[in-house]
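# Descriptive analysis of the structure
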Amino acid sequence: MARRLGPAGSDWSPYGRLQDAAGAYFLHADVALEAIGGVVGRRRIRGFTLERVVDLTESGASVWQEAAVCDGRRLILWHSEEVADESAPGGTVLDSSVQVLPLGAIGHVGMRTLVGRDDQGRRVDRGVYLVLATATPHELSAVQTDPDAGVSAARFRPEAFRFSKSLDDGGPGQIARLITFGRLLGRLVPS
């Protein structure tokens, strides 16, 4: 069980264990850990990254949370979102989902880092953007090359997962952790 290490949304990057990081960062750490733990079982977690976005809507604040976990064989993706439900106490329910991909299903790992300098000229990682793409079709759309002819081709867009951190969104610790996670997947994804 995750113990609360500070207010939800606290920096998770100092914590090496998923349980502690989720406890510091997620509003619903217990739901996340139960869903992920049910998949991971006794396998060792090799790396993870966490994300949390707060949206302000007409009905109030909505929180979207995500964890990406690698156990050396699989990528486990958990996310949750608060959904309005007038019949539920408090007016919302938590939509929690988990997705499991064998690392062999990932066909592309792309990572872009934004590197700058501080006032003393030392290197500073200012942001990172990680993309994991599969060969699984996410979208297939018809392409009409000749307006007078029927459909002659199709455009395929593979399923992709995107993660990003910046100095404004997560800070240097979370940037470093996402870079480490991207490098781990780059080493483990079969070529």
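Residues numbered from 1 in each chain as written. Predicted model: local features only at pLDDT ≥ 70, side-chain atom pairs only at ≥ 80, totals over all residues. Heavy atoms only, no water.

Attention shifts here to the side chain of threonine 134. Within the secondary structure layout, threonine 134 lies in strand S6 (residues 123-143). With residues near it in sequence (within four places) discarded, threonine 134 still touches Leu101, Ala105, Ile106, Gly107, Pro158, Glu159 and Phe161. (Helix = DSSP H or I, 4+ residues; strand = E, 2+ residues; numbered from the N terminus. Contact = heavy atoms within 4.5 Å.)

The next subject is helix H2 (residues 29-40). Side chains of residues three or four places apart in an α-helix project in the same direction, reflecting 3.6 residues per turn. Across its twelve residues, H2 extends 16 Å between first and last C-alpha, which sits within 8% of the 16 Å expected from 1.5 Å per residue. For H2, the complete set of buried residues consists of Ala29, Ala32, Leu33, Ile36 and Val40. Seen end-on, H2 carries its buried residues on one side only, within an arc spanning 90°. Along H2, exposed side chains directed more than 90 degrees from the buried face belong to Glu34 and Gly38. Of the residues one or two after H2, glycine 41 is the one with positive phi, at around 60°. (Expected span 1.5 Å × (residues − 1). Buried < 20%, exposed > 50% of the residue type's maximum accessible area, 1.4 Å probe, protein only. Arc of directions from axis to C-beta.)

As a general rule, the predicted coordinates of low-pLDDT regions are not to be interpreted in detail. With 82% of its residues at a pLDDT of at least 70, the protein chain reaches an overall mean of 87. Of all the helices and strands in the protein chain, S6 carries the lowest mean pLDDT, 80, while helix H3 (residues 171-188) carries the highest, 97. (pLDDT = per-residue confidence, 0-100.)

On to the pattern of salt bridges. For the structure shown, the criterion picks out six salt bridges. Here arginine 122 and aspartate 118 are joined by a salt bridge, their closest N and O atoms 2.9 Å apart. Residue classification places aspartate 118 among the partly exposed positions, given a relative accessible area of 23%. For arginine 123, the salt bridge goes to aspartate 125, with nearest N and O atoms at 2.8 Å. The exposure class of aspartate 125 is partly exposed, given its relative accessible area of 24%. (Salt bridge = Lys/Arg side-chain N within 4 Å of Asp/Glu carboxyl O.)

Ranked by internal contacts, the top residues of the largest apolar core, which has 19 residues, are Leu75, Leu77, Leu132, Phe163, Phe181 and Leu185. Those elements giving two or more residues to this core turn out to be strand S2 (60-70), strand S3 (74-84), S6, strand S7 (153-166) and H3. At six residues, the largest contribution of residues to this core is made by H3. Residue contacts for leucine 75: discarding those within four places in its chain leaves Ala68, Val69, Gln99, Val100, Leu101, Leu103, Ile106, Leu132, Phe181 and Leu185. Counting 17 residues, the second-largest nonpolar core is a separate cluster that includes Tyr25, Leu33, Val40 and Val69. (Core = buried A, V, L, I, M, F, W, Y, C linked by side-chain atoms within 4.5 Å.)

A few words now on the packing of helix H1 (residues 18-25) against H2. Close contact between H1 and H2 brings their axes to 9 Å; oriented N to C, the two are set at 150°. Comparing their axes, H2 and H1 come out roughly antiparallel. In terms of crossing hand, the pair formed by H1 and H2 is right-handed. Contact residues: H1 offers Leu18, Gln19, Ala22 and Gly23, while H2 offers Ala29, Leu33 and Ile36. (Axes fitted to C-alpha atoms, helices over the stretch in contact; angles between N-to-C directions. Parallel < 35°, antiparallel > 145°, perpendicular 65-115°, else oblique. Left-handed = near helix turned anticlockwise from the far one by under 90°.)

On to the packing of aromatic side chains. Within the structure shown, the criterion is met by four aromatic pairs. Residues tyrosine 25 and phenylalanine 26 carry aromatic rings whose centres are separated by 5.9 Å and whose planes lie at 45° to one another, so their mutual orientation is tilted. No difference in accessibility class separates tyrosine 25 from phenylalanine 26, as the two residues are buried. An aromatic cluster is present here, built from Trp12, Tyr25, Phe26, Phe48 and Trp78 joined pairwise through their rings. Arginine 177 extends its terminal NZ or CZ atom over the ring of phenylalanine 48, reaching a point 4.8 Å from the ring centre. (Phe/Tyr/Trp six-rings, centres within 6.5 Å; stacked < 30°, edge-to-face > 60°. Lys NZ or Arg CZ within 6 Å of the ring centre and 35° of its normal.)

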